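Coordinate inspection notes
Residues per chain are reported as follows:
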Amino acid sequence: MLGSLYSSISGMKAHQTKLDVVGNNIANVNTTGYKKTSVNFEETMTQTVKGARGPIDGQGGINPSTIGLGTKVSSINTNFESGAQQTTGRKTDLRIDGNGFFVVADGSNKMYTRSGNFNLDGNGNLVTPNGLKVQGWQATIRDDGSQGISPDAEVGELAVKVGATLPGKATDAINFAGNLNQNAGIGNISLNVKDATGAKVDVTIKFNYDTANDKWQWRAEGSGVTGKGAFQLDEKGNIKKSFPSETTPIQNANGMLVQSPVAGKITFSELADMSNRKTAQVSDNLVSTTAEVYDTLGNTHTTSVKYTKLADNVWEWNAGVANGSKITNGKGFMTFDARGQLNGNYLYADPNDPATLPEGVGTIFYESGAKNPDGTVNNGDPASNYIMDANGVVRYRGAAAPGLEPGQIMNKQFDGKVSFDPADNGEAPPPARGAAPVQMTLNFSGISQFAANSTVALESQNGYGMGELETYNITDTGDVMGFYSNGYQQIIGRIALAKFTNQEGLQNAGGSVFKQTSNSGEAIVQKAGQAGLGKITAGALEMSNVDLGQEFTDMIIAQRGFQANSKTISTADTILNELINLKR
């Protein structure tokens, strides 16, 4: 009889605990990030009245008989299901959409929370309402002057200081895009003429531009056809000067075929029939672009890139600086395929600089001669399969072979950086102190060559001057992006999220934070959106996941359980009273 009293007392205590939990859940129904808890019961010790016996000697088995000695709370579990979203519009109000916890710290003591109602303190630190500092990775200045998160950065405090200075970054990459007119320069012409025997001969005259000497060179091609020459043009596209010493007649083995021009229009005429003639079409072969770039101190410099069409599908590019600063590696040429797409950016070959000569190429024939350091002219090997024009473009002129086609360009790819020293404009030695030399990679991959107007222009460059932080926002990956007065945006920091092998093993420390325990496992800290972690929604909070309907139901159950146990005590007391009355 006394056992029933004690069992009921334990039941009342257990249901009282359940009612406490329900009351706490209801109290926190509007607490940001609160996670409801629930109570589970289990039996306490049992008293064995009769033990079990198995079947033996024809007798059946007997089941054990036990009497329980009450109940107790076996566990109080936390439900980490996400709560509803409440939009606030505040930049520092954050909600985790999915798995994970914000990491906060009080000194070296790290804790974890789902409540993202953060603020900035007087030092710009992102903190909780209780002053715990939100943890993450602070951006630092890289060697190139840009700002970013180092892969080796440790998790620590995050500071967002409006008005903070962003140092200027020197330009190290420029992107160009647009079209270069395929019809620029002098168009090729073709003639069908008769030779001295009356046989028909096809003659094609092709033109290429010699940038060093500002003149056009032409060459006749066809079966057994030879001939070449050079001239300069005036601003109207007429020949103002020809070079007889560089001219050989257009002919084949049977004699001269075509008369070449020496003045006026670029007209080639058949010798046997002067009415059979063609005049080449001339258009401007020069396109210029400019770009403002930055040095390491944030100063701007106007640079230019001039594009000059040299020959079919071949354009030279030449970089310069408006203030006259000496530029290094500022020249090269690019080629386009039959679809108008860029297919190569090359380094000019210099006969006096072995580092620039194509690899695997032996002797070269220098079409226009190459000046030796002593001033003499070197024509190279006339029998070579490789020919270099006046600009330094090397082509293969042998028979087709594996990996080689007639006319194929053999120059090395241009893979260097264009550089200039802002302090060295050619007038005096650079000062001992000042901005460092600017080194830039020029990217021409956005340029095409079609029969349309030239539209090539600067697409982007990655330098900028000094700026001050004006505002910021937080992305779904936790990146704190700063917007500066110089028009640029840079990452300021990144908010860290943590996950646990057993998040129900975390200990509630009050104040909407949890502590790591030996049964929760170690915190795995990552960027939001990675490794199974949820993403972050800025301007919103996660509300409590308490379901009032469920809580009221649990309250009734706890109440009825408590009442039933108290009734058991009353009944046991009545029976005990009857026993005592038997003595009277």
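Residues numbered from 1 in each chain as written. Predicted model: local features only at pLDDT ≥ 70, side-chain atom pairs only at ≥ 80, totals over all residues. Heavy atoms only, no water.

**Describing empty space enclosed by the protein**
Rolled over the atoms, a probe with the dimensions of a water molecule shows which regions are left empty. All chains considered together, the criterion is met by 2 cavities of 30 Å³ or more. What the largest cavity holds in volume is close to 50 Å³. Contributing to the lining of the largest cavity are Ile174, Phe176, Thr289, Thr290, Ala291, Thr303, Ser304, Val305, Ala319, Ile327, Met440 and Leu442. Only β16 (173-181), β28 (286-294), β29 (300-311) and β39 (438-450) provide two or more residues apiece to the lining of the largest cavity. The volume enclosed by the second largest cavity comes to roughly 40 Å³. Forming the walls of the second largest cavity are Ala184, Gly185, Ile186, Phe207, Trp216, Lys309, Leu310, Ala311 and Asp312. Of all the elements in the fold, those that place two or more residues in the lining of the second largest cavity are β17 (185-186) and β29. Here the lining of the second largest cavity takes 3 residues from β29, the largest share from any one element. (1 Å grid on protein atoms, 1.4 Å probe; cavity = no way out; pocket = protein on both sides within 12 Å on 5 of 7 lines; lining within 4 Å. Points joined across faces, edges and corners; volume = space filled by probe spheres on them. Helix = DSSP H or I, 4+ residues; strand = E, 2+ residues; numbered from the N terminus.)

**Looking at the sheet that holds β16**
Strand order in the open sheet formed by 5 strands is β31-β38-β39-β16-β40, with mixed pairing between adjacent strands. What marks the edges here is a single partner per strand, and that holds for β31 (327-328) and β40 (457-461). Examined bridge by bridge, β16 and β40 share 4 bridges and lie antiparallel to one another. In the sheet register, alanine 177 faces β40, and the bridge partner there is alanine 457. (Pairing = 2+ DSSP bridges.)

**Digging into the packing of aromatic side chains**
Note on aromatic pairs: each is described by the distance of the centres and the angle between the planes. Counting across every chain of the model gives 19 aromatic pairs. Plain terms: the ring middles of phenylalanine 101 and phenylalanine 514 are 6.2 Å apart, the flat faces sit at 70° to each other, and that makes the pair edge-to-face. On the criterion of sequence distance, the pair formed by phenylalanine 101 in strand β7 (residues 101-106) and phenylalanine 514 in strand β45 (residues 513-515) is long-range, its members being 413 residues apart. For the pair formed by phenylalanine 101 and phenylalanine 514, the shared burial category is buried. A ring pair is formed by tyrosine 209 and tryptophan 216, whose centres lie 5.1 Å apart and whose planes are at 55°; its orientation type is tilted. Residue tryptophan 216 is classed as buried on the basis of its relative accessible area of 7%. One aromatic cluster is present, formed by Phe80, Phe101, Tyr112, Phe500 and Phe514 through successive ring pairs. (Phe/Tyr/Trp six-rings, centres within 6.5 Å; stacked < 30°, edge-to-face > 60°. Buried < 20%, exposed > 50% of the residue type's maximum accessible area, 1.4 Å probe, protein only.)

**Here's the deal with the sheet that holds strand β36 (residues 386-388)**
Read across the sheet, 4 strands follow the order β35-β34-β36-β37 without closing on themselves; strand pairing throughout is mixed. At either end of the open sheet lies a strand with only one pairing partner, and these are β35 (377-380) and β37 (394-396). Taken over all neighbouring pairs, the strand axes of this sheet differ in orientation by 30° on average, direction set aside. Pairing of β36 with β37 involves 3 bridges; the strand directions are antiparallel. (Axes fitted to C-alpha atoms, helices over the stretch in contact; angles between N-to-C directions.)

**Brief notes about the pairing of strand β42 (residues 479-484)**
Taking burial as the measure, the 6 residues of β42 include 5 buried ones, the bulk of the element. As defined by bridge partners, strand β41 (residues 467-474) adjoins β42 across 5 bridges and the pair is classed as antiparallel. The residue bridging leucine 469 from the neighbouring strand is tyrosine 484, located in β42. Alignment of β42 against strand β43 (residues 489-499), held across 5 bridges, turns out to be antiparallel. Counted as the bridge partner of phenylalanine 483 is glutamine 489 from β43. Where β42 folds back onto β43 in an antiparallel hairpin, the turn is made up of 4 residues, including glycine 487, whose phi is positive at roughly 90°.

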